[in-house]
Amino acid sequence: MPELPEVETVRRGLADRVVGRRVERVEVGRERVVRRTSREELIDGLSGATIMAANRRGKYLLLPLDSGDEVMIHLRMSGQVLHAAAGSARPAHTHVVMYLEDDTEVWFVDPRTFGEVVVFDPERVGEVLPELAGMGVDPVAEQFELRPFRAMLRSVRRALKPLLLDQHVIAGIGNIYADEILHRARLRPDRVASSLDSRATRRLHESVGSVLSEAIDAGGSTLSDAQYVDLMGAGGSFQNDHRVYARAGERCVSCGRGWIRRTVLGGRSTHFCSVCQR
Ligand SMILES: [Zn+2]
């Protein structure tokens, strides 16, 4: 499932190649991808509009239009946003096609159709997209400061892994990056947040920033079983730098002594080294 680094990579592609272009017309195939509103609302809201910017909050892509509305795209499990020359052969499961004025097309492709494309009025965001209104700090797009992070950790008796996955606390971290961040911070996924001393808190804060920014630099992670690709269809390479995720049974490359273990925490598969993560 695409997480912050993958969605950020798609956002950068849209900023480079699509922002400033006018959408001439729109086609919607499967209605499930526009379930939040309707096929007509997406077509009416996008046709003739110019995309003014490409923003992101957590795993949500947000594209303001010159009409004052915004497009929200969420990739969920298997969504892709692709940009291609007009008339190019489209992959199976292309559910939305935006025809741009410069003879290019933006496609929303999603085999499993959990993803979504919505046009909404930002003044009605609480109604249409209530989860956006309640979202926590985005550690890349916004100021992610140590002091409020430390205060939050001290106040909760929750295990670190589910806390990092909670989009109301920090936006954009999913299962892969939570495991990699905790490994780099040398903290066990089931460690209780309020038990961290100030040095451990600092390590965790630094790891959130460094793991996510390195993953963005690598274009995200493309796993063997997932379909994540960037706007031009290329995969990322950060999966080669994963130290724990999907490496159960391998020797820990960080400490050289432990073995990577897989467990289930809060219903999610979790990978860690019991020697160097405490
Ligand atoms: Zn280790």
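Okay, so let's go over this structure. Predicted model, so just to flag it, every value in this text is computed and none were measured. (Residues numbered from 1 in each chain as written. Predicted model: local features only at pLDDT ≥ 70, side-chain atom pairs only at ≥ 80, totals over all residues. Heavy atoms only, no water.)

## A word on the overall build of the protein chain
Moving on, step 1. Helix and strand counts for the protein chain stand at 8 helices and 10 strands.
Moving on, step 2. Here the C-alpha atoms of the protein chain give a radius of gyration of 20 Å, agreeing with the 19 Å that 2.2 N^0.38 yields for 278 residues.
Moving on, step 3. Dimensions of the protein chain, computed from the C-alpha atoms along their principal axes, are close to 55 × 35 × 30 Å.
Moving on, step 4. Within the protein chain, the fraction of its 278 residues that count as buried is 52%.
Moving on, step 5. Counting only contacts in the protein chain whose residues sit at least 6 apart along the sequence, the fraction spanning at least 24 positions is 62%.
Moving on, step 6. Entry remark: accessible area of the protein chain is about 12,300 Å², with carbon and sulfur atoms responsible for 45%.
Moving on, step 7. Positive and negative side-chain charges in the protein chain, numbering 39 and 38 respectively, have mean positions lying 12 Å apart. (Helix = DSSP H or I, 4+ residues; strand = E, 2+ residues; numbered from the N terminus. Rg over C-alpha atoms; globule rule 2.2 N^0.38 Å. Buried < 20%, exposed > 50% of the residue type's maximum accessible area, 1.4 Å probe, protein only. Contact = heavy atoms within 4.5 Å. Areas by Shrake-Rupley, 256 points an atom, 1.4 Å probe, with all protein chains shown as cover. Lys, Arg positive; Asp, Glu negative; His and termini not counted. Charge placed at Lys NZ, Arg CZ, Asp CG, Glu CD.)

## Topic: the coordination of the zinc ion
Moving on, step 1. Distances from the zinc ion to its protein donors, namely Cys 252 (SG), Cys 255 (SG), Cys 273 (SG) and Cys 276 (SG), fall within the range 2.3 to 2.4 Å.
Moving on, step 2. Each of the 4 donor atoms around the zinc ion contributes to a set of angles spanning 104 to 117°, which defines the coordination as tetrahedral.
Moving on, step 3. Spacing between the donor residues of the zinc ion along the chain follows C-x2-C-x17-C-x2-C. Highlighted residues: Cys 255 in the loop between helix 8 (198-217) and strand 9 (260-265) and Cys 276 in the segment after strand 10 (268-273), separated in sequence by 21 residues.
Moving on, step 4. Relative accessible area serves as the criterion here: at 22%, Cys 255 is assigned to the partly exposed category. (Donors = N, O, S within 2.8 Å, 3.2 Å for Na, K, Ca; no water. Tetrahedral: all angles 85-135°; square planar, octahedral: opposite > 155°, others 65-115°.)

## Topic: the pairing of strand 5 (residues 80-85)
Moving on, step 1. Most of strand 5 sits out of view: 5 of its 6 residues are buried.
Moving on, step 2. Sheet topology places strand 5 next to strand 7 (residues 104-109); 6 bridges connect them, and they run antiparallel. The residue bridging Ala 85 from the neighbouring strand is Thr 104, located in strand 7. (Pairing = 2+ DSSP bridges.)

## Brief notes about empty space enclosed by the protein
Moving on, step 1. Considering all chains together, one arrives at 2 cavities of 30 Å³ or more under this definition.
Moving on, step 2. Around the second largest cavity, the lining residues are Phe 149, Met 152, Leu 153, Leu 160, Leu 163, Leu 164, Val 169, Ile 170 and Leu 204.
Moving on, step 3. Those elements that provide at least two residues to the lining of the second largest cavity are helix 5 (146-155) and helix 6 (160-165).
Moving on, step 4. Of the residues that constitute the lining of the second largest cavity, the class distribution is 9 nonpolar, no polar and no charged. (1 Å grid on protein atoms, 1.4 Å probe; cavity = no way out; pocket = protein on both sides within 12 Å on 5 of 7 lines; lining within 4 Å. Points joined across faces, edges and corners; volume = space filled by probe spheres on them. Nonpolar A, V, L, I, M, F, W, Y, C, P; charged D, E, K, R; others polar.)

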